[in-house]
Amino acid sequence: ITLCELGYAQTDGKRYWLGHGALRISYAYASSTRLPRLIQPVLDAMSERSRDSASLAVLLDGAAVIAARSTARRTMRVGLVVGSRLPLYCSAAGRALLAALPEPEAVSVLRGIDRPKLTVNTVREIDKLKKVLATARQAGYAVCDEEIELGVRSIAAPIFNMAGETVASVSISTRADRMTVNEIVQAYLPILKKKQVWAQARLN
C-alpha cells in the first residue's frame, strides 16, 4: 500500500504490479552508483564509434544484469535497458562474468540456474559450457553467436578493479548479417581491452 501511495506500484485491490515510479529507482542507481557513472561515458564512446550497442553488466542472482547501456542508432530486436537480465550461460556478458569465477564455483552457478535452449545455436550442456568458459578464461573475452536471439552476436570482456578482481563485464552487440564472430573480435576486442585498462586504473 505504501509503495502504491509513493507511485512505485499499482493495484486493482487484489493484485499488485510495478508503477511508473519504479523507473526512478533504475535512474537513481545509474546516476549515483560509481561503476555505472564511471563506465557510461565509455559505453557512449564505444557505441558512437562502432555504431552498435554497448552495455555494462554485473553478476546478480544468477543473471547478468544490465547496470548501464548505450544504444546505437541501429535497431535490434533485443530491447535491453538498465535492469534487464541476460542469461549467464549463453550471453557474452554472462560468460565473461562466469569465466572470472573458479571453475567449480562457475559450474555450481550453472547447475543452479535454468538453461533453456533459446535458439538452435544455444549451448546449454554443462560439459560444453565448461569448455566455453575455459576458452573465455584463457582468451580474456567471451562471445555469443546467435545463442540468445537469431541475428544477434556479441562480445564481452571483464572489467577489473585495482585488485584485479572482476566487478563487471562490458559488451558490444551487433547484427549477425553485419559481422561474423571473427570480424567482431578483430574490430571490437582492441576497443574493449583499451577500456578495460582505463577502467581498472580508476576503480579502487
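Refer to the structure above for everything that follows.
To start, this report covers the structure provided alongside it. (Residues numbered from 1 in each chain as written. Predicted model: local features only at pLDDT ≥ 70, side-chain atom pairs only at ≥ 80, totals over all residues. Heavy atoms only, no water.)

Another point: the sheet that holds strand β6 (residues 142-145). One open sheet accounts for 6 strands, arranged β5-β4-β3-β8-β7-β6; its pairing is antiparallel. The two strands at the open ends of the sheet, each matched to only one other strand, are β5 (85-87) and β6. Each adjacent strand pair in this sheet contributes to an overall mean axis angle of 30 degrees, direction not counted. Note: strand β3 (residues 53-60) against strand β4 (residues 63-70), 7 bridges, orientation antiparallel. Pairing of Ala57 across the sheet is with Ile66, part of β4. Against the sheet, helix α7 (residues 181-200) contacts β6, β7 (152-160) and β8 (166-175), and its axis sits at roughly 25 degrees relative to β7. (Pairing = 2+ DSSP bridges. Helix = DSSP H or I, 4+ residues; strand = E, 2+ residues; numbered from the N terminus. Axes fitted to C-alpha atoms, helices over the stretch in contact; angles between N-to-C directions. Contact = heavy atoms within 4.5 Å.)

So, on to the pattern of salt bridges. Counted according to the given criterion, the structure contains 7 salt bridges. Residues Lys130 and Glu103 are paired through a salt bridge, measuring 3.9 Å at the closest nitrogen-oxygen approach. You can see Lys130 sitting in helix α6 (residues 126-139) and its partner Glu103 sitting in helix α5 (residues 103-111), a full 27 residues away along the chain. In this structure Glu103 comes out as partly exposed when scored by relative accessible area, which is 36%. (Salt bridge = Lys/Arg side-chain N within 4 Å of Asp/Glu carboxyl O. Buried < 20%, exposed > 50% of the residue type's maximum accessible area, 1.4 Å probe, protein only.)

Unusually for a residue other than glycine, Asp61 sits at a positive phi of about 50 degrees. Along the chain, Asp61 turns up in the loop between β3 and β4. You will see that Glu146, though not glycine, has its phi angle at about 55 degrees, which is positive. Along the chain, the position of Glu146 falls in the loop between β6 and β7. Judged by its relative accessible area of 15%, Glu146 is buried.

Nothing here speaks to function; it is all geometry.
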